[in-house]
Amino acid sequence: MSDQNSHNEDTISAFFNQQTSPLKEDFRSGFVAIVGRPNVGKSTLMNHLLGQKLSITSRKPQTTRHRIHGILTDETAQFVFVDTPGIHSKTVRAINERMNNAAVSALSDVDLVLFVVDALKWVEDDLLTLEKLANTDLPVVLVINKADTIKDKSQLLPHIEEFAQSFEFADIVPVSALRGHNLDRLLEVAKGFLPTRPPIFDPEQITDRSERFLASEIIREKIMRVSGDEVPYDLTVQIDTFKDEPAYKDPETGKWRKACTFIDATIFVERAGQKSIVIGEKGAKIKQVGMDARADMEKLFDRKIMLTLWVKVKKGWSDDERALNSLGY
């Protein structure tokens, strides 16, 4: 055997027998709940901590309806962030009660809570959230969001002191979730409360949610963004089909076709008038929703998407327990 062949065999053997680098002895991992009232920036915060968009966002309150896990892993720690629906006092329908339950139940399985509030704005639902936290023994870090909007920073100090007197917080960290300010500091604080243990999820994983779920959330976000203030809150999205088609060679042209996912989705609203709002004049709005949703899905799933949308009326779905069960709430 020549020296060159021997060298090649050694190189191949080393490649297939290489071991992954061991975890550091002080590696930490744990669950971190992000809680707060509706529309305070919880989903924006998680998206920026992850460095990519996972939870949907909009200016509409109660955009987030489900618990969503976002997973961030670096060389020293794995953070499993739990983005929760906003805790709110107006529980007039079954869906509102389920959203509150989803947020509160998240507190039973986490190692740390990030309580997000709006800078210089303290309202009834903030107090309601704090009452829920007072019933736990969890460490709570107060995250004062939108700190960049305060022109006179001296105004923030008495505000922080007021918060500190209302609850025994483990730490207080002012941030700007939208601009990514002071998030490194927040991660460093959070890491100190995670247990020393191996990763809970595969380090390459970014969420425990399925692509079907993420697709439905993307569609719902685009409806809210395209429709603006006209959008009916009483809408939900159901994925009817989600079919992956691998790349293949076209027998007629001999050209390769890219891998593609075909998605059919139904948008349910509660009244006929809401259906026309979602569709828009001559179908303009639903067409825009489809284009925007497809673009986001192709970026997130890294493949071509063929999306078909339908809009149907399902009266009273948001206050019907059986309907909520069938729609995944």
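Calculation rules
Just so you know, the residues in each chain are numbered from 1, in the order the chain's sequence is written. Where local features are concerned, this predicted model is filtered to residues with pLDDT of at least 70; where side-chain atom pairs are given and counted, the filter is 80 or more; whole-chain, interface and lining totals use all residues. Each side-chain value is derived from all of the structure's non-hydrogen atoms; neither hydrogens nor water enter the calculation. Two strands form a pair only when DSSP identifies at least two bridges running between them. Strands are runs of DSSP state E lasting at least two residues, helices are runs of H or I lasting at least four, and both sets are numbered from the N terminus onward. Only C-alpha atoms enter the line fits that serve as axes; for helices the fit covers just the stretch in contact. Angles between N-to-C directions range over 0 to 180 degrees. Residue contacts are defined here by distance: any two heavy atoms, one from each residue, within 4.5 Å place the two residues in contact. To estimate the expected span of a helix, count its residues, drop one, and scale the result by 1.5 Å. For every residue, the accessible area (1.4 Å probe, protein chains only) is compared with the maximum for its type, and the residue is labelled buried under 20%, exposed over 50%, or partly exposed between those bounds. Starting at the helix axis, one direction is taken to each C-beta atom, and the arc is that of these directions.

Here we have three strands laid out as an open sheet, ordered β7-β10-β11, and mixed in their pairing. Taken across any chain shown, the strands that pair with only one partner, and hence form the sheet edges, are β7 (235-245) and β11 (304-313). Across this sheet, the average inter-strand angle for adjacent strands is 15 degrees, counted without regard to direction. Bridging between strand β10 (residues 260-269) and β11 involves 10 bridges; their strand directions are parallel. Among the inter-strand pairings, Thr-266 is bridged to a residue of β11, identified as Trp-310. Relative to β7, helix α7 (residues 211-227) is tilted by about 135 degrees, and along the sheet it contacts β7, β10 and β11.

Spanning 18 residues, helix α9 (residues 284-301) covers 26 Å between terminal C-alpha atoms, matching the ideal 26 Å at 1.5 Å per step. Inspection of α9 places Lys-285, Ile-286, Val-289, Gly-290, Ala-293, Met-297 and Phe-301 among the buried residues, and these make up the whole buried set. The arc that holds every buried residue of α9, seen down its axis, measures 135 degrees, which confines them to one face. Along α9, the residues that are exposed and aim more than 90 degrees away from the buried face are Lys-287 and Lys-299. One or two steps after α9, the chain reaches Asp-302, where phi turns positive at roughly 60 degrees.

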